[in-house]
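Here is what each chain is made of, one letter per residue.
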Amino acid sequence: MARFVMEFERPLVELEEKLAELKALDVASLPDLAAEIEDLEREVERLRDTLYAALSPWERVQVSRHPERPKTDDYLSALFTDVVELKGDRAYGDDEAIMAALATLDGRRVVVIGHRKGRTTKENVRRNFGSPHPEGFRKARRAMLLAAKFGLPVVTLLDTAGAYPGLEDEERGQAWAIAECLATLSDLPVPVVVVGIGEGGSGGALAIGFGDRLIMLENAYYSVISPEMCAMILYKDTARAAESASALALTADDLVRLGIADEIVPEPPGGAHRDPAPVIAAVGSRISAALDVLSGTDSARLQHERYERLRAIGVFDESAG
Amino acid sequence: MPINDWFKQRERRRYTVTSGVSGSLPDGVWRTCPGCRKTLYQGDVARSHSVCPHCDHHFELIASDRIALLVDEGSFAEIDAGLTSADPLRFSAAKPYAQSVRAARESTGLSDAAVTGRATIDGVPVAIGALDFRFVGASMGSVVGEKVTRLFELALEERRAAVIVVASGGARMQEGMLSLMQMAKTAAAAERLARAGLPYVSILVNPTYGGVTASFAVLADVIFAEPGALVGFAGPRLVEQTIRRSLPKGFQSAESLVEHGMIDGVVQRGELRGRVATVLGYLMADAAGTPAVAGDV
Ligand SMILES: [Zn+2]
């Protein structure tokens, strides 16, 4: 099966393919083959170890965008039961780039909201590749208010390159739709657990992207601007995205260091797509564990602590002025 | 800083040529209006609130002039003037961020892009702020986010109305995720003020974009914009590249925002103060003329 190859893993994939070819040959007719295969296997393993041991920020961004990476739909079907999807913003339309649903996680009733990329081209076109229109954010806000009204915790899954920069999106108030999500989410009287599962692209991610806990997958990123656009601004050259990715401090590790994310879910070497099941299961148990703690907190305290959590973010110097 | 000193300092700045922005030019110079290409005497421009008498072009203003335009004379007292960027990511790709901030501080005399403080408007106590586009494009990093948040908190604590004149290129890229999170932080503070039933009026001026538009700027109870101001989330060039056709005339202009139902009105600079005072008169009916009591929540 042809698999999607990220630029930085090409040498490894080439070796893996060569190994597979050798293995397909008739060993009996070629006496030296067994030894050669063994050598190659060792080399593949060594390369895999060094290549995936310490991915650069830009390499992680590529892993986070891998087309086979587990998506919101995969988490929804593996972790949640009795899913009732909520559609539409009650004002204009239904934006499939954001999914909202009533669902059950480990016997707990929750509202789940997530950016929704597609698997196939057809799905991706319908879902605008996971880049929401204002209607998506307004649907998300509707789901947040529903959760507040009925005392259900909110779980959000982040995976978007960003809010869609289209003409009609501007005319229908993209900025307003995002800002209203931020205001609502900041004061929601129920627990909010956020998981960065893939891309965390700027304001479009932030609209459903903060709460009482932020759990990041090892290769997920969260950034104020895409590395490509940053490179365009800094160097007038999108090819220098790797440098921008390093400068922007957008990895899960960076976010923990900056006091924005709480914990990191490890991924298998090469990324979650190489073995999705254990990653998805780990995300499920991390969400449940967070909700176990938060569910014991009364709503006034939750609101207060969420505010203080946001309040503490920012680094500056202060002198008597 | 005492109010009189602040006004004196503002006067001093007025006579120091630092950039092409109206409030920083001496009266005795001639300048070309970008709207109608006519040559104007700066003294005349300054006397007409920096609006071109021929074509109504609204020249860019510095933050202190934005505030002076709105508040009762002598009522403004700045707060949090000592907040400065700490360059938390040590951002040095292309041009070092610390260098950009230093250059902006030197050329503007400001500590960062936001100027905030207490004042009155027609006797109504307000917490007021203005963003200054000369300072790294009035982008929002930790300092702007903190000052705007404190402005809302001050309004809440002292039962003042919040008034902010917004111009911005968006979230400040060089502080990475710390900047993005200022969107949530300022939105949270605005939401608290709203829950307390205190009014917030924002005035969007040219240009207002990105993460600043998509947070505190549009969470106001009443939103006005200056004529011709461009306001949006994505910049026009990005939108054009995305849709691969040219943009309609007036796209993202204040006038088109009114048509699309996004703001309450386009207000001439000279009429802003009166309009804001009237709104506050309705929404802060009990507050006019009564001094605010600190700590009274
Ligand atoms: Zn003119």
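Every value quoted in this text rests on a predicted model; they were computed, and no experiment measured them.

K.L.:
Let's hear about the overall build of chain A: which residues, and what values?
P.N.:
In terms of regular secondary structure, chain A is built from 14 helices and 8 strands. Compactness check: chain A gives a C-alpha radius of gyration of 22 Å against a globular reference of 20 Å for 321 residues, within 12% of the reference. For chain A, the C-alpha atoms occupy an extent of roughly 75 × 55 × 40 Å along the three principal directions. In chain A, 71% of the contacts between residues at least 6 apart in sequence involve partners at least 24 apart. A distance of 5 Å separates the average location of the 37 positive side-chain charges in chain A from that of its 53 negative side-chain charges.

K.L.:
Could you give me a rundown of the coordination of the zinc ion, with the residues and numbers involved?
P.N.:
Residues and elements named next belong to chain B. Taken together, C33 (SG), C36 (SG), C52 (SG) and C55 (SG) make up the protein donors of the zinc ion, found 2.3 to 2.4 Å from the metal. Given 4 donor atoms and angles of 105 to 112° at the metal, the environment of the zinc ion is assigned as tetrahedral. If you list the donors of the zinc ion from N- to C-terminus, the spacing comes out as C-x2-C-x15-C-x2-C. Here C36, found in the loop between strand 1 (30-32) and strand 2 (39-41), pairs with C52, found in the loop between helix 2 (42-47) and helix 3 (63-70); they are 16 residues apart in sequence, far enough to count as distant.

K.L.:
Can you explain empty space enclosed by the protein? Please cite residues and give values.
P.N.:
This structure, assessed with the given rule, holds 3 cavities of 30 Å³ or more. The space that makes up the largest cavity amounts to roughly 90 Å³. If you trace the largest cavity, you find it lined by A:V194, A:G209, A:F210, A:G211, A:R213, A:L214, A:I260, A:R306, A:R309, A:L310, A:I313 and B:M181. Elements supplying a minimum of two residues to the lining of the largest cavity: strand 6 (213-217) and helix 14 (299-311) of chain A. Taken together, the residues of the lining of the largest cavity sort by class into 7 nonpolar, 2 polar and 3 charged. Quantified by volume, the second largest cavity comes out at close to 40 Å³. Lining the second largest cavity are B:E60, B:L61, B:R66, B:L131, B:D132, B:F133, B:A167, B:V205 and B:N206.

K.L.:
Please provide a residue-by-residue account of the side chain of A:R108, values included.
P.N.:
Residue and element names in this part refer to chain A. Within the element layout of this structure, R108 appears in strand 3 (residues 108-115). R108 gets classed as buried once you look at its relative accessible area, which sits at 19%. Residues contacting R108, with those up to four places away along its chain left out, are A103, P153, S288, L291, D292 and S295.

K.L.:
If you had to explain the sheet that holds strand 5 (residues 114-121) of chain B to someone new, which residues and values would you point to?
P.N.:
Residues and elements named next belong to chain B. Taken in spatial order, the 7 strands make up an open sheet running 3-5-6-7-8-9-10, and their pairing is mixed. The open sheet has two edge strands, strand 3 (77-79) and strand 10 (265-266), and neither has a second partner. Pairing of strand 6 (residues 124-131) with strand 7 (residues 161-168), which is carried by 5 bridges, proceeds in the parallel orientation. Residue pairing for strand 7: I128 is matched across the bridge by V163. Contacts between helix 5 (residues 142-158) and the sheet are confined to strand 3, strand 5, strand 6, strand 7 and strand 8 (200-208), with strand 7 contributing the most and set at about 165° to the helix. Seen against the sheet, helix 10 (residues 269-283) touches strand 5, strand 6, strand 7, strand 8 and strand 9 (222-225) and runs at an angle of roughly 150° to strand 8.

K.L.:
Account for the packing of aromatic side chains, with residues named and values stated.
P.N.:
Two aromatic rings, taken as a pair, are described by how far apart their centres are and by the angle between their planes. Residue and element names in this part refer to chain B. Under the definition given, this model contains 3 aromatic pairs over all chains. When the centroid spacing of 5.0 Å and the interplanar angle of 50° are considered together, the rings of W30 and Y41 count as tilted. Remark: Y41 occurs in strand 2 and W30 occurs in strand 1; sequence separation between them is 11 residues. Assessed through its relative accessible area of 60%, W30 is described here as exposed. Residue Y41 is classed as partly exposed on the basis of its relative accessible area of 30%.

K.L.:
How would you sum up helix 6 (residues 134-150) of chain A? Please name residues and give values.
P.N.:
For helix 6 of chain A, built from 17 residues, the straight-helix expectation of 24 Å at 1.5 Å per residue is met to within 8% by its first-to-last C-alpha distance of 25 Å. Every buried residue of helix 6 of chain A is accounted for by A:P134, A:E135, A:G136, A:F137, A:K139, A:A140, A:A143, A:M144 and A:A147.

K.L.:
Report on the environment of B:H58, specifying residues and quantitative values.
P.N.:
All names here are of chain B. As for its position among the elements, H58 is in the loop between helix 2 and helix 3. Between the alpha carbons of H58 and N206 there is a distance of 8.8 Å; along the sequence they are 148 residues apart. In contact with H58, not counting residues within four places along its chain, are S50, V51, E226, P227, Q268 and R269. For H58, the side chain forms a polar contact with the main-chain oxygen of D56, separated by 2.8 Å. One polar contact links the side chain of H58 to the main-chain amide nitrogen of R269, over a distance of 3.1 Å.

K.L.:
Before we move on, can you summarise the confidence of the model for chain B with the specific residues and values?
P.N.:
Residue and element names in this part refer to chain B. On average, residues of chain B score 90 in pLDDT, and 88% of them reach the 70 mark or higher. Every residue in residues 11-19 is under pLDDT 50, and counting partners more than four places away or in other chains gives 22 contacts. In this model, residues 289-297 is a region of pLDDT below 50 whose contacts with residues beyond four sequence positions or in other chains number 15 contacts. Here the predicted complex carries an ipTM of 0.95, next to a pTM of 0.93.

Each value, and the rule that gives it
- Throughout, residues of each chain are indexed from 1 in the direction in which the sequence is written.
- Working convention: letters from A go to chains and numbers from 1 go to ligands, in the order in which they are written.
- Note on the predicted model: pLDDT of at least 70 is required for a residue's local features to be given, and 80 or more for side-chain atom pairs to be given and counted; whole-chain, interface and lining totals, by contrast, use all residues.
- The basis for every side-chain value is the complete set of heavy atoms in the structure, and neither hydrogens nor water enter the calculation.
- Helix numbers and strand numbers start at the N terminus; a helix is a DSSP run of H or I with at least 4 residues, a strand a run of E with at least 2.
- For the radius of gyration, the atoms used are the C-alpha atoms, and the globule rule reads 2.2 Å times the number of residues raised to 0.38.
- Throughout, a residue-residue contact means that at least one pair of heavy atoms, one from each residue, lies within 4.5 Å.
- Counting rule applied: Lys, Arg positive; Asp, Glu negative; His and chain ends not counted.
- In plain terms, the charge of a residue is placed at NZ if it is Lys, CZ if Arg, CG if Asp and CD if Glu.
- Donor atoms: N, O and S within 2.8 Å of the metal, or within 3.2 Å for Na, K and Ca. Because water is excluded, sites can look incomplete.
- Geometry is assigned from donor-metal-donor angles: four donors are tetrahedral when every angle falls between 85 and 135 degrees, four are square planar and six octahedral when opposite donors sit over 155 degrees apart with all other angles between 65 and 115, and any other arrangement is irregular.
- Points on a 1 Å grid over protein atoms alone make up a cavity when a 1.4 Å probe fits among them but cannot get out, and a pocket when they form an open set with protein on both sides within 12 Å along at least five of seven lines; lining residues each have an atom within 4 Å of a point.
- Grid points are joined across faces, edges and corners, and a volume is the space filled by probe spheres set on the points.
- Residue classes follow a fixed rule: Ala, Val, Leu, Ile, Met, Phe, Trp, Tyr, Cys and Pro count as nonpolar, while Asp, Glu, Lys and Arg count as charged, and any other residue, Gly among them, counts as polar.
- Relative accessibility decides the category of a residue: with a 1.4 Å probe and only protein chains considered, values under 20% of the type maximum give buried, values over 50% give exposed, and everything between is partly exposed.
- Two strands are counted as paired when DSSP detects at least two bridges linking them.
- Note on method: axes are straight lines fitted to C-alpha atoms, helices fitted across the in-contact stretch only, with angles between N-to-C directions ranging 0 to 180 degrees.
- Only Phe, Tyr and Trp rings are paired, with Trp represented by its six-membered ring, and only when their centres lie within 6.5 Å; those with planes under 30 degrees apart are stacked, over 60 edge-to-face, the remainder tilted.
- Multiplying one less than the number of residues by 1.5 Å gives the expected span of a helix.
- Polar contact criterion, stated in full: a pair of N or O atoms within 3.5 Å, where within protein one must be able to donate a hydrogen and the other to accept it, and residues adjacent in sequence count only if both atoms are side-chain atoms.
- As a per-residue measure, pLDDT tells how confident the predictor is, with possible values from 0 to 100.

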